[in-house]
Amino acid sequence: APAISTPTRSRLVYTLNRSVIRRRWAAIALGACAEAAPPGVGGSPGAPPTTVVAASAHAPSAIEAQRLLMTERFRVYTNRDLVGVEIAGAIKNVIAIAAGACDGLGFGDNAKAALITRGIVEIARLGVRMGASAETFAGLAGIGDLITTCVSRYGRNRRVGELIAKGKTLRQVVEGMEMVAEGIRTTKAAWRLSRLKRVEMPIAEQVYAVLYRGKDPAAAVRELMMRSPKAEIESRRGPRGKG
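Residues numbered from 1 in each chain as written. Predicted model: local features only at pLDDT ≥ 70, side-chain atom pairs only at ≥ 80, totals over all residues. Heavy atoms only, no water.

Re the packing of aromatic side chains
Here's step 1: Overall, the coordinates contain 2 aromatic pairs when judged by the stated rule.
Here's step 2: Measuring from centroid to centroid gives 4.0 Å for tryptophan 191 and tyrosine 208, while their planes differ by 0°, and the two rings are stacked. On the criterion of sequence distance, the pair formed by tryptophan 191 in helix 8 (residues 183-196) and tyrosine 208 in helix 9 (residues 202-213) is long-range, its members being 17 residues apart. By the burial criterion, tryptophan 191 is buried, and tyrosine 208 matches it.
Here's step 3: Overall, tyrosine 208 belongs to the buried group, its relative accessible area being 10%.
Here's step 4: One aromatic cluster in this structure is built from Trp191, Tyr208 and Tyr212. (Phe/Tyr/Trp six-rings, centres within 6.5 Å; stacked < 30°, edge-to-face > 60°. Helix = DSSP H or I, 4+ residues; strand = E, 2+ residues; numbered from the N terminus. Buried < 20%, exposed > 50% of the residue type's maximum accessible area, 1.4 Å probe, protein only.)

Quick word on the environment of threonine 169
Here's step 1: The topology assignment puts threonine 169 in the loop between helix 6 (156-165) and helix 7 (170-175).
Here's step 2: Each C-alpha atom of the pair threonine 169 and glycine 214 lies 8.2 Å from the other, and the pair is 45 residues apart in sequence.

Some details on helix 8
Here's step 1: In this model, helix 8 (14 residues) spans 19 Å end to end at C-alpha, consistent with the 20 Å of a helix rising 1.5 Å per residue.
Here's step 2: Every buried residue belonging to helix 8 is among Gly183, Ile184, Thr186, Thr187, Ala189, Ala190, Trp191, Leu193 and Ser194, and all of these are buried.
Here's step 3: On its buried side, helix 8 packs onto helix 3 (82-104), helix 4 (109-129), helix 6, helix 7 and helix 9.
Here's step 4: Following helix 8 by one or two positions, arginine 198 adopts a phi angle in the positive range, close to 55°. (Expected span 1.5 Å × (residues − 1). Contact = heavy atoms within 4.5 Å.)

So, the packing of helix 4 against helix 5 (residues 140-151)
Here's step 1: Packing of helix 4 against helix 5 leaves a shortest axis separation of 10 Å and a crossing angle of 140°. Our classification of the angle between helix 4 and helix 5 gives oblique. In this structure, the crossing between helix 4 and helix 5 has a hand that is right-handed. For the pair formed by helix 4 and helix 5, the contact residues are Lys112, Ile116, Gly119, Ile120 and Ile123 on the first element and Gly142, Ile143, Leu146, Ile147, Cys150 and Val151 on the second. (Axes fitted to C-alpha atoms, helices over the stretch in contact; angles between N-to-C directions. Parallel < 35°, antiparallel > 145°, perpendicular 65-115°, else oblique. Left-handed = near helix turned anticlockwise from the far one by under 90°.)

Considerations on helix 4
Here's step 1: Across its 21 residues, helix 4 extends 30 Å between first and last C-alpha, which sits within 8% of the 30 Å expected from 1.5 Å per residue.
Here's step 2: Positive backbone phi, approximately 105°, marks glycine 131, located one or two places after helix 4.

Let's talk about the packing of helix 3 against helix 8
Here's step 1: Running from N to C, helix 3 and helix 8 point in directions that differ by 105°, and their axes come no closer than 8 Å. As judged from the angle between their axes, helix 3 and helix 8 are roughly perpendicular. Touching Ala90, Ile91, Asn93, Val94 and Ile97 of helix 3 are Gly183, Ile184, Thr186, Thr187 and Ala190, all from helix 8.
Here's step 2: When grouped by side-chain class, the residues that make up the contact of helix 3 with helix 8 number 6 nonpolar, 4 polar and no charged. (Nonpolar A, V, L, I, M, F, W, Y, C, P; charged D, E, K, R; others polar.)

A look at the state of the cysteines
Here's step 1: Using the criterion set out here, one finds 0 disulfides in the structure.
Here's step 2: The thiol of cysteine 102 is not disulfide-bonded; the next cysteine sulfur, from cysteine 150, is found 8.8 Å away.
Here's step 3: Residue classification places cysteine 102 among the buried residues on the basis of a relative accessible area of 10%.
Here's step 4: Classification of cysteine 150 by relative accessible area gives buried; the value is 0%. (Disulfide = S-S within 2.5 Å.)

A short note on the nonpolar core
Here's step 1: In this structure, Ile91 and Ile123 are the most contacted members of the largest nonpolar core, which totals 39 residues.
Here's step 2: Looking at this core, the elements with two or more residues in it are helix 3, helix 4, helix 5, helix 6, helix 7, helix 8 and helix 9.
Here's step 3: Examining the composition of this core, we find that 12 residues originate from one element, helix 3, more than from any other.
Here's step 4: Counting residues in each nonpolar core, the second largest holds 6 residues, with Val53, Leu82, Val85 and Ala141 among its members. (Core = buried A, V, L, I, M, F, W, Y, C linked by side-chain atoms within 4.5 Å.)

In structure tokens form, the structure reads like this:
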């Protein structure tokens with residue numbers, strides 16, 4: 001399920017905690033596409049190695065999830081930054097739609113690498129504004145999950161972007177899918193949240209324009225590339241590299 005709901009823009013576990021009294025939650029973030037993960041909890045002895053993050057503000061809950069799930073082929077790390085893990089898990093699907101558009105437009109690996117790199121900056125920017133730790137976005141729940149989602153042939157959100165870039169409408173794409181692509185709804189929530197929190201998210205903004213305003217993907221790319229020059233690294237002392 002998407003970690004940001006529409007139209008309330010509430011985080012999923014925040015909503016659960018308000019709905020169920022005195023319940024301790026641990027969110028599991030895959031550093032892999034679920035479809036490509038080993039079958040069953042922990043996988044079988046012959047399955048490829050997979051790593052995930054168990055995140056909870058209640059440390060014992062994350063440790064218990066780690067204890068229950070870890071095997072020789074399924075490694076579980078813990079993280080107390082539940083906000084960061086949730087934000088990363090949600091917004092990565094928006095960036096994956098953009099990555100799919102890169103594929104559909106035939107841009108190749110260099111363009112996708114640039115998109116992923118700048119995408120994690122947007123995700124971290126929003127996450128930190130919402131109280132997350134910046135370090136989380138350099139880990140499995142952040143850049144790890146984002147890379148997999150953007151490059152895997154199993155990625156539903158990546159496929160959405162690819163099909164739209166090849167000329168299909170959003171309605172045609174949705175009608176032809178058997179499974180839900182969470183990034184479609186999350187894009188709208190992320191776009192609204194970026195304005196509410198006053199966070200600059202140019203890639204998410206262009207994905208929103210393509211999905212909900214019928215913008216041509218090639219035009220969205222041109223607009224991203226022609227934005228005003230920025231410093232790459234954001235700094236409190238030097239020029240602000242927003243975007």
